[in-house]
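# Remarks on the overall topology
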Amino acid sequence: MSDKAVLHFGDQQIELPVLIGSEGEKAVDISRLRDATGLTTYDPSLSNTAVCKSAVTFIDGDLGILRYRGIPIEQFTQSPNFLEVAWLLIFGRLPKQAELDRFSGRLTNNALLHEGMIDQIQHMPANGAPMALLSAAVSSLACYHSQPLAMSDDDAFEEAAARLISKLRTIAACTYRRSVGLPFIYPDPKLRYGANFLHMMFSIPYKQFEVTPEIEEALNLIFILHADHEQNCSTATARVVGSSRANMYASCSAAIGALWGPLHGGANVEVVEMLERIHHGGLSPEDCLKAAKDKANPFKLFGFGHRVYKNYDPRAKILKACCDKVLGQMKVKDPLLDIARKLEEIALADSYFVDRKLYPNVDFYSGIILRSLGIPTDMFTVCFAIGRLPGWISQWREQHDDPTSKILRPRQVYIGNTKQDYVPMEKR
Ligand code: SDX
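Below is a short write-up of the structure. All values derive from a computational prediction rather than experimental measurement. (Residues numbered from 1 in each chain as written. Predicted model: local features only at pLDDT ≥ 70, side-chain atom pairs only at ≥ 80, totals over all residues. Heavy atoms only, no water.)

Turning next to the overall build of the protein. Across its full length, the protein holds 17 helices and six strands. Here the C-alpha radius of gyration of the protein, 23 Å, is about what a compact globule of 428 residues would show, namely 22 Å. Dimensions of the protein, computed from C-alpha atoms along their principal axes, come out at roughly 80 × 65 × 55 Å. Sorting the 428 residues of the protein into buried and exposed places 48% on the buried side. Considering only residue pairs separated by 6 or more positions, the protein has 70% of its internal contacts joining residues 24 or more positions apart. Accessible area of the protein: about 21,300 Å², with a carbon and sulfur share of 54%. Side chains of the protein give 47 positive and 49 negative charges; the mean places of these two sets differ by 3 Å. (Helix = DSSP H or I, 4+ residues; strand = E, 2+ residues; numbered from the N terminus. Rg over C-alpha atoms; globule rule 2.2 N^0.38 Å. Buried < 20%, exposed > 50% of the residue type's maximum accessible area, 1.4 Å probe, protein only. Contact = heavy atoms within 4.5 Å. Areas by Shrake-Rupley, 256 points an atom, 1.4 Å probe, with all protein chains shown as cover. Lys, Arg positive; Asp, Glu negative; His and termini not counted. Charge placed at Lys NZ, Arg CZ, Asp CG, Glu CD.)

Tallied over the entire structure, the rule returns 20 salt bridges. Here E276 makes a salt bridge to R371, at a shortest N to O gap of 3.0 Å. With E276 in helix α11 (residues 267-279) and R371 in helix α16 (residues 363-372), this residue pair connects regions lying 95 residues apart in the sequence. A residue is classified by how much of its surface remains accessible, and E276, at 24% relative accessible area, is partly exposed. Where D313 meets R315, a salt bridge forms, and the shortest distance between an N and an O atom there is 2.7 Å. Accessibility classification places D313 together with R315 in one group, the buried group. Within this structure, R102, R106, D155, E158 and E159 form a network of salt bridges that share partners. (Salt bridge = Lys/Arg side-chain N within 4 Å of Asp/Glu carboxyl O.)

Below, the discussion takes up the site of the ligand. Close to the ligand lie 25 residues, the nearest being H229, H306, R307, R315 and R388. Between the ligand and the protein, one listed contact pairs an oxygen atom with a side-chain N or O atom of H306 at 2.6 Å. Contact between the ligand and R307: an oxygen atom at 2.6 Å from a side-chain N or O atom of the residue. Surface burial for the ligand is 77%, taken as the share of its 1,100 Å² of free accessible area covered by protein chains. Among the residues making up the shell around the ligand, the classes are represented as 10 nonpolar, seven polar and eight charged. (Near = heavy atom within 4 Å. Polar contact = N/O pair within 3.5 Å; in protein donor to acceptor, adjacent residues only side chain to side chain. Nonpolar A, V, L, I, M, F, W, Y, C, P; charged D, E, K, R; others polar.)

What follows deals with the side chain of D350. By the element assignment, D350 lies in the loop between α14 (335-347) and α15 (351-355). What makes D350 buried here is its relative accessible area of 14%. Ignoring any residue separated from it by four or fewer positions in sequence, one finds D350 in contact with L289 and K293.

What follows is about a nonpolar patch on the surface. Taken together, the side chains of L46, V51, V240 and L408 make up a nonpolar region of the molecular surface, amounting to roughly 300 Å² of accessible area. Secondary-structure assignment places L408 in the segment after α17 (380-401). (Patch = residues over 30% accessible without salt bridge, like charges linked within 9 Å, V, L, I, M, F, W, Y side chains within 5 Å.)

Okay, the pairing of strand β2 (residues 12-20) next. With three bridges joining them, β2 and strand β3 (residues 26-28) adopt antiparallel strand pairing. Bridge pairing in β3 places L19 opposite A27. If you look at the hairpin formed by β2 and β3, you'll find five residues sitting between the two strands, and G24 has a positive phi there, around 85°. (Pairing = 2+ DSSP bridges.)

Bringing the side chain of N361 into the picture now. You can see N361 is positioned in the loop between α15 and α16. Separated by 2.8 Å, the side chain of N361 and the backbone nitrogen of D363 make a polar contact. Beyond its immediate stretch of four places on either side in the chain, N361 contacts G303, F304, G305, H306, D313 and A316.

The end-to-end C-alpha distance of helix α5 (residues 130-144), which contains 15 residues, comes to 21 Å, matching closely the 21 Å that a straight helix rising 1.5 Å per residue would cover. Lining the buried residues of α5 we find α4 (115-122), α6 (154-179), α10 (248-259) and α17. (Expected span 1.5 Å × (residues − 1).)

Glancing now at the packing of helix α8 (residues 213-225) against helix α13 (residues 314-329). Relative to each other, α8 and α13 sit at 165°, their axes nearing to 11 Å. By the angle between their axes, α8 is roughly antiparallel relative to α13. The handedness of the crossing between α8 and α13 is left-handed. Residues E214, E217, A218, L221, I222 and L225 of α8 touch α13, and the partners they reach there are R315, I318, L319, C322, K325, V326 and Q329. Each residue belonging to the contact of α8 with α13 can be placed in one class, and the counts come to eight nonpolar, one polar and four charged. (Axes fitted to C-alpha atoms, helices over the stretch in contact; angles between N-to-C directions. Parallel < 35°, antiparallel > 145°, perpendicular 65-115°, else oblique. Left-handed = near helix turned anticlockwise from the far one by under 90°.)

Turning next to the sheet that holds strand β6 (residues 71-72). Taken in spatial order, the three strands of this open sheet run β4-β5-β6, and their pairing is antiparallel. This sheet does not close on itself; its edge strands, each paired only once, are β4 (57-60) and β6. Here β4 runs beside strand β5 (residues 65-68); their pairing, made up of four bridges, is antiparallel. The residue bridging F58 from the neighbouring strand is R67, located in β5.

Right, let's get into the nonpolar core. Y68, I165, F197, L343, I375 and I393 are the most contacted members of the largest nonpolar core, which totals 120 residues. For this core, the leading source of residues is α6, giving 12 residues. Once residues lying within four places of it in the same chain are set aside, the contact partners of F197 are R169, A172, A173, L219, F223, I375, M379, C383 and I386. Core analysis: the next-biggest nonpolar cluster, separate from the first, contains six residues, A5, I14, V18 and L39 among them. (Core = buried A, V, L, I, M, F, W, Y, C linked by side-chain atoms within 4.5 Å.)

Here it is as structure tokens:
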């Protein structure tokens, strides 16, 4: 079902088809605009441009809706199972028990790293940024698994996805252990995904870290809430790299790089550092808002605002509620939670934020829960990457399987020098 749009330019007129998505979104299809008129469109942040058709995730930014393969994220909060959601995103439906068991078994069998990679991580700088180590290690997985991926073979793809999802978690734990000078802890095949991650992060030789069901549930929920978010910066990066038919490791390694930025996944670190500055008296909540509103100041109210959500990020709503539950279970009183709540309260009463529809996003409360689980601040964005990996994989595969997809190669508006001649050195 589609309508038409008509573009008039000078003495030209062109009819353009309008695509209508399954939730009624309309997009003017300009794919033949340049050939027909010589015109291109200009949309530098791509905030008005759909670069693909996708069936993975639906967001309604005005209503604060987020659904994975049509299922509202709120419905995953009862008994959160990250691997089930990962399989759903990648394969497009909820797995049957046997399928989930098989997928889980594949992750267990792929949890170990090649000893060469362990050695590689060991020789990286101990004070290296975890996201740098993560991106480098994920890219180098292609050295250990170089066989081309049979994309049309679901079984082969499931094995490759399980391998990457499992190993990313092991690599993440290794980067942490490296940074604190502790020996790497091998994965325990008896533990499930999240529990194994915390085991590899916090167990010490001869003293296993005990993961309570509450902690395991909280970590599964955190990973699920980060699992996909349609065409965000890092997912779009995975698509751009994948569009050249680069392998999945290279594409996800590039996505990790994009996620690292403080305007994207790196915001969860900035939020906690901002809250800590307030807590230690270096900054008042009012100072924070003042700095955030000052256009001459690069400071942003981290954890607030969103390109798509012009309403409360539904993930932030769930995480805010989860803070109370997890901190209560952990018997932790975190003053940063009270500060975060105060900051939210005064921001949502301030016309600067209200007029611009700036609300808390996924990063505003996530760090407080990660802290309560004992995860250090510099590992927050790494945890975001662990959660987001199934989303990158699902979108990368969707693009690869789309017969109409081509290499992503945007155009530009050239504003440089018009033609001029080379000037020999003696005449400059
Ligand atoms: C994530 O895209 C995704 O889906 C991302 C993500 C995912 O799951 O993948 O949801 C994860 O990245 C969440 C966002 C995390 N980043 C932060 O919390 C950093 C702080 N937020 C801002 O940098 C900003 O809100 C962005 C980057 C998130 C959105 O940037 P936009 O779309 O460029 O912001 P905008 O143009 O809509 O801003 C409108 C106005 C501007 O002011 P004016 O020019 O109108 O005067 O609001 C201002 C902005 O300067 N503004 C802020 C602000 N966010 C927007 N001012 C102060 N503090 C902020 N946080």
